[in-house]
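Chain and residue survey
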Amino acid sequence: EAGVVQSPRYKIIEKKQPVAFWCNPISGHNTLYWYLQNLGQGPELLIRYENEEAVDDSQLPKDRFSAERLKGVDSTLKIQPAELGDSAVYLCASSPYSGYEQFFGPGTRLTVL
Amino acid sequence: KNEVEQSPQNLTAQEGEFITINCSYSVGISALHWLQQHPGGGIVSLFMLSSGKKKHGRLIATINIQEKHSSLHITASHPRDSAVYICAVTFDGLTFGKGTHLIIQP
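Heads up: these notes are all about the structure in this document. Small disclaimer: the values here were computed from a predicted structure and weren't measured. (Residues numbered from 1 in each chain as written. Chains lettered and ligands numbered in written order. Predicted model: local features only at pLDDT ≥ 70, side-chain atom pairs only at ≥ 80, totals over all residues. Heavy atoms only, no water.)

**A few points about the interface of chain A and chain B**
How big an interface is tends to be stated in terms of accessible area lost as the parts join. Definition in use: Here, residues are in contact when the closest pair of their heavy atoms is within 4.5 Å. Computed with a 1.4 Å rolling probe, the buried area is the accessible surface lost when two parts are put together, summed over both parts. The salt bridge criterion pairs a side-chain nitrogen of Lys or Arg with a carboxyl oxygen of Asp or Glu, the two atoms within 4 Å. Three categories are distinguished: nonpolar for Ala, Val, Leu, Ile, Met, Phe, Trp, Tyr, Cys and Pro, charged for Asp, Glu, Lys and Arg, and polar for the others, with Gly belonging to the last.
On the chain B side, the residues contacting the 17 residues of chain A number 15 residues. Across the interface of chain A and chain B, roughly 1200 Å² is buried in total on both sides, 56% from carbon and sulfur atoms. Taken together, the connections running from chain A to chain B amount to 0 salt bridges. Here the residues of the side of chain A that touches chain B are counted per class, giving 7 nonpolar, 7 polar and 3 charged.

Below, the structure written as structure tokens:
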């Protein structure tokens, strides 16, 4: 069974440019998470989806970050415009239901110059 | 908000040593997770437990709900065990510790 797929794996952009990350969760998993992980830190939740509904986006900086999960499967996380401080690893995870074990994708390492 | 503390933050040991990583949290939880993250790699779930003890190969995880504490043990450690080990608790979402950076030297 395929795991959580993320792309791209690496992205380097200049500040003020837009960037988008894509996540394909494990088939059948209703819950999808986007996390941000800074170097030497644990992941921090950005947004959690139950099917296509964003049920927890309290930590998402909505002035520049947006996310969508159309049809309750794939999800896209966008940053516009990117800032230097956005350099981090963006992780996607999925689970069958909220509160169950989460399965993580490989992450996208973003570098903003 | 649940506070998750891990110790030690960094640990260097010799191959074959018995390793213990600790995790404590501040509020009652429904589950605790131990995760492994290799440099440049994604996160792999090692254990999810809500009581007692679980064992998988050379890895053992225990949890004491009353004391709000969990430990991850590695027996007969090997250089390939070198990674960051992260404790996370399920309480109104998933809250992560900062991780323990483990290096096993040959």
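**Quick look at the sheet that holds strand E6 (residues 52-56) of chain B**
Residues and elements named next belong to chain B. What counts here: At least two bridges found by DSSP between two strands is the condition for calling them paired. Secondary structure elements are defined from DSSP: runs of H or I of at least 4 residues count as helices, runs of E of at least 2 residues count as strands, and each element is numbered from the N terminus. Helix axes are fitted to C-alpha atoms over the stretch in contact, other axes to C-alpha atoms as well, and angles between N-to-C directions run from 0 to 180 degrees.
The strand order across the open sheet built from 5 strands is E1-E3-E8-E7-E6, with neighbouring strands paired in antiparallel fashion. Every interior strand has two partners, whereas the edge strands, strand E1 (4-7) and E6, have only one. Each neighbouring strand pair of the sheet contributes to a mean axis angle of 15°, computed without reference to strand direction. Summarising the sheet, strand E3 (residues 19-25) and strand E8 (residues 69-74) pair through 6 bridges and their orientation is antiparallel.

**A word on the pattern of salt bridges**
Residue and element names in this part refer to chain A. Per the stated rule, a full pass over the model turns up 5 salt bridges over all chains. In this structure, Arg 48 and Glu 50 form a salt bridge, with 3.0 Å as the shortest nitrogen-oxygen distance. Among the charged side chains, a network of salt bridges with common partners joins Arg 64, Glu 83 and Asp 86.

**Side note on the packing of aromatic side chains**
Stated formally: For Phe, Tyr and Trp, rings pair up if their centres lie within 6.5 Å, where Trp contributes its six-membered ring, and each pair is then called stacked (planes under 30 degrees apart), edge-to-face (over 60) or tilted (otherwise). Relative accessibility thresholds used throughout: buried, under 20% of the residue-type maximum; exposed, over 50%; partly exposed, between the two (1.4 Å probe, protein chains only).
Inspection of every chain in the model, using the stated rule, returns 6 aromatic pairs over all chains. Note on A:Tyr35 and B:Phe96: the rings are 5.1 Å apart at their centroids and 85° apart in plane angle, and the pair reads as edge-to-face. Separated into two different chains, A:Tyr35 in strand E4 (residues 31-37) and B:Phe96 in strand E10 (residues 94-96) make up a pair that spans both. Side by side, A:Tyr35 and B:Phe96 carry an identical accessibility label, which is buried. Their ring planes at 75° and their centres at 6.3 Å tell us that A:Phe104 and B:Phe96 sit as a pair that is edge-to-face. Of this pair, A:Phe104 sits in strand E10 (residues 103-104) while B:Phe96 sits in strand E10, on two different chains. By the burial criterion, A:Phe104 is buried, and B:Phe96 matches it.

**Overview of the nonpolar core**
Test applied: Among buried residues, the Ala, Val, Leu, Ile, Met, Phe, Trp, Tyr and Cys ones that are joined through side-chain atoms within 4.5 Å form a nonpolar core.
Membership of the largest hydrophobic core comes to 23 residues, with the highest contact counts inside it found for B:Leu32, B:Trp34, B:Phe47, B:Leu72 and B:Tyr85. Listed by contribution, the elements that provide at least two residues to this core are E3, strand E4 (31-37), strand E5 (43-49), strand E7 (59-64), E8, strand E9 (83-90) and strand E11 (100-105) of chain B. A:Val4, A:Phe21, A:Ile47 and A:Leu77 belong to the second largest nonpolar core, which has 22 residues in total.

**Observations regarding the pairing of strand E8 (residues 75-79) of chain A**
All names here are of chain A. A large share of E8 lies buried, amounting to 4 of its 5 residues. The pairing of strand E3 (residues 19-24) with E8 spans 5 bridges and is antiparallel. In the strand pairing of E8, Ala 20 is matched with Lys 78. Note: strand E7 (residues 65-68) against E8, 4 bridges, orientation antiparallel.

**Examining the state of the cysteines**
All names here are of chain A. The test is simple: Only a pair of cysteine sulfur atoms within 2.5 Å counts as a disulfide in this structure description.
Enumeration according to the criterion identifies 2 disulfides over all chains in this entry. Each sulfur in the disulfide pair Cys 23 and Cys 92 lies 1.9 Å from the other. Judged by the sign of its S-S torsion, about -70°, the cystine formed by Cys 23 and Cys 92 is left-handed. Within this pair, whereas Cys 23 is found in strand E3, its partner Cys 92 is found in strand E9 (residues 88-95), the two being separated by 69 residues in sequence. There is no split in this pair, since Cys 23 and Cys 92 are both buried.

**Observations concerning unusual backbone geometry**
Here the residue pair A:Ser7 and A:Pro8 is connected by a cis peptide bond, since its omega of -5° sits within 30 degrees of zero. Along the chain, B:Ser7 connects to B:Pro8 via a cis peptide bond; the corresponding omega equals -10°. The backbone of B:Lys68 sits at a positive phi, close to 55°, despite the residue not being glycine. Mapped onto the secondary structure, B:Lys68 falls in the loop between E7 and E8. Phi angles above zero are rare outside glycine, and B:Ala76 is one such case at about 45°. Structurally, B:Ala76 is set in the loop between E8 and E9.

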